[in-house]
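Descriptive structure summary
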Amino acid sequence: MPLSTVFSELITFFIQFAMLLCFLAYYVLTNQGVHPNIYILMTPLLLIQMILLSLGCGIIISALTTKYRDLAMAVAFLVEIWKYLSPVAYDMYSLAALDIGGKYHSLYMLNPFTPIVNCFRYAYLGIGHMEWNYYIIGWLITIGIFLIGVVMFNKVERTFADTV
């Protein structure tokens with residue numbers, strides 16, 4: 001089930017990505033302050049990381065909901081919290097008033113989705129900068145979440161018919 005969700009959302013991603021490229025071309029041609037750079041070539045790698053992260057989280061949630069049915073109700077709430085803890089709708093480097101660039105920066109960057117978003121933003125818009133150490137840490141956390149999900153799913157898979 002999580003794998004089918006990932007692939008169906010991948011189709012949505014490519015449609016939205018095509019629209020992004022159209023808008024990006026317009027803004028570059030009209031010199032609106034958008035500065036794409038060579039990091040655009042990292043898009044497939046970032047996409048693979050997003051797939052592994054979402055698949056790992058999906059597998060963990062599906063493995064846990066077989067035993068804890070009420071967790072399914074909390075997932076939407078937890079995803080909303082995660083969305084606000086990731087710099088999707090805002091640029092984390094412009095939040096100096098919240099001190100995210102200061103003492104909480106390292107903690108904030110441990111969210112494995114934050115380096116992905118920052119890399120996309122830097123590659124396509126030229127905003128911010130690449131922090132390779134946090135990007136590599138994000139990959140390690142992503143692989144860890146994916147492996148934990150696979151192990152949990154394999155344990156639950158044996159007794160899946162009994163609990164459902």
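In this report, the structure presented in the accompanying data block is examined. (Residues numbered from 1 in each chain as written. Predicted model: local features only at pLDDT ≥ 70, side-chain atom pairs only at ≥ 80, totals over all residues. Heavy atoms only, no water.)

Turning our attention to the layout of surface pockets. A probe as big as a water molecule, rolled over the atoms, marks out the empty space that is left. By volume, the largest pocket is sized at about 1700 Å³. Around the largest pocket, the lining comprises 43 residues; the ones closest to its centre are Met 50, Ser 54, Val 79, Trp 82 and Phe 113. Where the lining of the largest pocket is concerned, the elements lending two or more residues are helix 1 (2–29), helix 2 (43–67), helix 3 (71–85) and helix 5 (113–125). Among the elements that take part in the lining of the largest pocket, helix 1 stands out by supplying twelve residues, more than any other. (1 Å grid on protein atoms, 1.4 Å probe; cavity = no way out; pocket = protein on both sides within 12 Å on 5 of 7 lines; lining within 4 Å. Points joined across faces, edges and corners; volume = space filled by probe spheres on them. Helix = DSSP H or I, 4+ residues; strand = E, 2+ residues; numbered from the N terminus.)

Side chains of Met 19, Phe 23, Tyr 26 and Tyr 27 sit close together on the surface and give an oily, nonpolar patch of about 430 Å² of accessible area. Checked against the element boundaries, Tyr 26 lands in helix 1. A relative accessible area of 48% places Tyr 26 in the partly exposed class. (Patch = residues over 30% accessible without salt bridge, like charges linked within 9 Å, V, L, I, M, F, W, Y side chains within 5 Å. Areas by Shrake-Rupley, 256 points an atom, 1.4 Å probe, with all protein chains shown as cover. Salt bridge = Lys/Arg side-chain N within 4 Å of Asp/Glu carboxyl O. Buried < 20%, exposed > 50% of the residue type's maximum accessible area, 1.4 Å probe, protein only.)

Turning to the packing of aromatic side chains, a few remarks are in order. Under the counting rule described, the total for this entry stands at nine aromatic pairs. Aromatic side chains Phe 13 and Phe 14 sit 5.7 Å apart centroid to centroid with 70° between the ring planes, which places their arrangement in the edge-to-face category. Residues Trp 82 and Phe 113 carry aromatic rings whose centres are separated by 6.5 Å and whose planes lie at 65° to one another, so their mutual orientation is edge-to-face. In this pair, Trp 82 sits in helix 3 while Phe 113 sits in helix 5, placing the two residues 31 residues apart along the sequence. Trp 82 gets classed as partly exposed once you look at its relative accessible area, which sits at 30%. Through a chain of ring-to-ring contacts, the aromatic side chains of Phe 13, Phe 14, Phe 17, Phe 120 and Tyr 124 assemble into a single cluster. (Phe/Tyr/Trp six-rings, centres within 6.5 Å; stacked < 30°, edge-to-face > 60°.)

So, on to empty space enclosed by the protein. Tallied over the entire structure, the rule returns one cavity of 30 Å³ or more. One number sums up the size of the largest cavity: a volume of about 40 Å³. As for the largest cavity, its lining consists of Tyr 93, Met 109, Pro 115, Asn 118, Cys 119, His 129, Met 130, Glu 131 and Tyr 135. A total of three residues in the lining of the largest cavity trace back to one element, the largest contributor, which is helix 5.

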